[in-house]
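Here is how the chains run, residue by residue.
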Amino acid sequence: QLLVEMDGFSTHKKPIVVLAGTNRHDILDKALLRPGRFDRTIALDLPDIKARKDIFMVHLPKLKLQYTPEYYAGKLAAMTPGFSGADVANLCNEAALIAARKDSKEIVYDHFESAVERVIAGLERRSMALTPVEKKTVAFHEAGHATVSWFLEHGSPLLKVSIIPRGPGLGYAMYMPEEHALY
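Residues numbered from 1 in each chain as written. Predicted model: local features only at pLDDT ≥ 70, side-chain atom pairs only at ≥ 80, totals over all residues. Heavy atoms only, no water.

(A) Focus on helix α5 (residues 109-121). Here α5 is 13 residues long and its end C-alpha atoms lie 18 Å apart, about the 18 Å a rise of 1.5 Å per residue gives. Within α5, the full set of buried residues consists of His111, Phe112, Ala115, Val116, Glu117 and Ala121. Looking at the buried side of α5, the elements it contacts are α3 (69-79), α4 (85-101), β1 (158-162) and β2 (172-175). One or two residues past the end of α5 sits Gly122, with phi positive at roughly 105°. (Helix = DSSP H or I, 4+ residues; strand = E, 2+ residues; numbered from the N terminus. Expected span 1.5 Å × (residues − 1). Buried < 20%, exposed > 50% of the residue type's maximum accessible area, 1.4 Å probe, protein only. Contact = heavy atoms within 4.5 Å.)

(B) Expanded view of the packing of helix α2 (residues 49-59) against α4. One way to put it is that α2 packs onto α4 with a least axis distance of 10 Å and a crossing angle of 45°. As far as their axial angle goes, α4 and α2 are oblique. Here α2 runs over α4; the crossing is right-handed. Of α4, the residues touching α2 (which contributes Ile55, Phe56 and His59) are Gly85, Val88, Ala89, Leu91 and Cys92. (Axes fitted to C-alpha atoms, helices over the stretch in contact; angles between N-to-C directions. Parallel < 35°, antiparallel > 145°, perpendicular 65-115°, else oblique. Left-handed = near helix turned anticlockwise from the far one by under 90°.)

(C) Main features of helix α6 (residues 132-151). The end-to-end C-alpha distance of α6, which contains 20 residues, comes to 29 Å, matching closely the 28 Å that a straight helix rising 1.5 Å per residue would cover. On its buried side, α6 packs onto β1 and β2.

(D) Seen up close, the pairing of β2. What you see with β2 is a clean split: Tyr172 and Met174 sit on the buried side and Ala173 and Tyr175 on the side with no burial. The pairing of β1 with β2 spans four bridges and is antiparallel. In the sheet register, Leu158 faces β2, and the bridge partner there is Tyr175. (Pairing = 2+ DSSP bridges.)

Here is the structure:
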């Protein structure tokens, strides 16, 4: 359809440049990628910690915060490796929603931590009632993750362990991964 729409443009008098974006380059029709069409690729990687801090500094000043945006930006950038700009915006919105649900006059750090959990691990499933035996089993399982990560030389530092069901899981172990370009 895109090639049909572009057909008939006269480029000998005034050149035309068409830019397009996709996160699924692998499934594009090969006809689009022939020379003279969409034949250039520019890869945009996920932001590093400095770029995420800058992105947070775009979104945080719009929020009513307990402390300055600078206070939160560095900490949140460190907690969110692998987040895109859209993920950062979503995190800020989630923190604001959590604060509103708790009738807070301003967003505090705990609201951001809860928002990170919600974005990474999913929505808390309060309706899922586990029996004491199931809770104990999940606790042993998550404690196993925590114990193994503690003894791994190159493991990421453990941030939190929970047996509260979120998303598809019955519990989770949250880590503070370091950013590496090469593993």
